[in-house]
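Observations on chain architecture
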Amino acid sequence: MLPATAVYHFPWELQSRAIAEGTSVRTFGRLTCYLPEESKAFLTSHHVSVKYQVSVQTSYVEPFNPILGALYIVLGETENTEEGGVMLRARVMNCVDGVDLALLQKAINDQRSFFQECA
């Protein structure tokens, strides 16, 4: 059976546990840290002058060549952590350095509006 269709979520939306565990999501952020011995990466993003960090389990996408500071889009499932946060278990992790973030955010909001109108 195939996993559910992933919906785009902004990194700041993943911080609140409003998204159920095991939900397929897509998100983005700049790779700021990669720990290969733990198969863990950290993506950061800024929104309204607040820095948000998303923890990503990378065991399904290894080996990959991390580019620190580059923009990545991640597709995966959410998992609750013991610390009370949310971790994303990546199925796909693509470097998309050069993408216009403001335009990406606008496209995500437009897509959400379209789907709400259709529902």
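In this text the structure is predicted, and so the values were computed from the model without any measurement.

A few words on the overall build of the chain. Of the regular secondary structure elements, the chain holds 2 helices and 6 strands. Scanning the chain from its N terminus toward the C terminus, one meets helices and strands in the order β-α-β-β-β-β-β-α. Computed over the C-alpha atoms, the radius of gyration of the chain is 14 Å, within 12% of the 14 Å expected from 2.2 N^0.38 for a compact globule of 119 residues. C-alpha atoms of the chain, sized along the principal axes, occupy 45 × 35 × 30 Å. Counting every position in the chain, which comprises 119 residues, the buried fraction comes to 39%. Residue pairs at least 24 apart in sequence account for 53% of intrachain contacts in the chain once pairs closer than 6 positions are excluded. Of the roughly 7,100 Å² that the chain leaves accessible, carbon and sulfur atoms contribute 55%.

Now for the nonpolar core. One finds Leu43, Val56, Tyr72, Val74 and Met93 to be the most contacted residues of the largest nonpolar core, which totals 17 residues. Put simply, the parts of the chain that give this core at least two residues each are β2 (24–35), β3 (40–47), β4 (50–57), β5 (71–80) and β6 (86–95). Residues within four places of methionine 93 in sequence aside, it is in contact with Leu31, Ala41, Leu43, Val56, Thr58, Val61, Phe64, Tyr72, Ile73 and Val74.

Put simply, glutamate 62 and proline 63 share a cis peptide bond, and its omega is 0°. With respect to the helices and strands, the residue proline 63 is situated in the loop between β4 and β5. A positive phi angle, close to 50°, is found at serine 39, a residue other than glycine. As for its position among the elements, serine 39 is in the loop between β2 and β3. The phi dihedral of serine 49 falls on the positive side, at around 55°, and the residue is not glycine.

The next subject is the pairing of β2. Direction of pairing for strand β1 (residues 7–8) relative to β2: parallel, over a ladder of 2 bridges. Following the sheet pairing, tyrosine 8 is matched in β2 by arginine 26. As judged from the 7 bridges shared by β2 and β5, these two strands associate in the antiparallel manner. Within β5, the residue paired with arginine 30 across the bridge is leucine 71. The pairing of β2 with β3 spans 5 bridges and is antiparallel. The partner of tyrosine 34 across the bridge, within β3, is alanine 41. Counted between consecutive antiparallel strands, the loop separating β2 from β3 contains 4 residues, among which serine 39 sits at a positive phi close to 50°.

Here is what the cut-offs are and how they apply
Every chain's residues receive numbers from 1 upward, in the order its sequence appears when written. Only residues with pLDDT of 70 or above have their local features reported here, since the model is predicted, and side-chain atom pairs are shown and tallied only from 80 upward, although totals for entire chains, interfaces and linings are computed over all residues. Side-chain measures here rest on the full set of heavy atoms in the structure, leaving out hydrogens and waters. Here a strand is any run of E in DSSP of at least two residues, a helix any run of H or I of at least four, and the numbering for each starts at the N terminus. Radius of gyration means the value over C-alpha atoms here, while the globule rule gives 2.2 Å times the residue count to the 0.38 power. The classification of residues rests on relative accessible area computed with a 1.4 Å probe and restricted to protein chains. Under 20% of the type maximum is buried, over 50% is exposed, and intermediate values are partly exposed. Note on contacts: a residue pair is in contact if any heavy atoms of the two residues lie within 4.5 Å. Methods summary: accessible areas were calculated by the Shrake-Rupley approach with a probe of 1.4 Å, and residue burial reflects only the protein chains presented. For our purposes a nonpolar core is just a set of buried Ala, Val, Leu, Ile, Met, Phe, Trp, Tyr and Cys residues, chained together by side-chain atoms within 4.5 Å. DSSP calls a pair of strands paired once it identifies at least 2 bridges connecting them.

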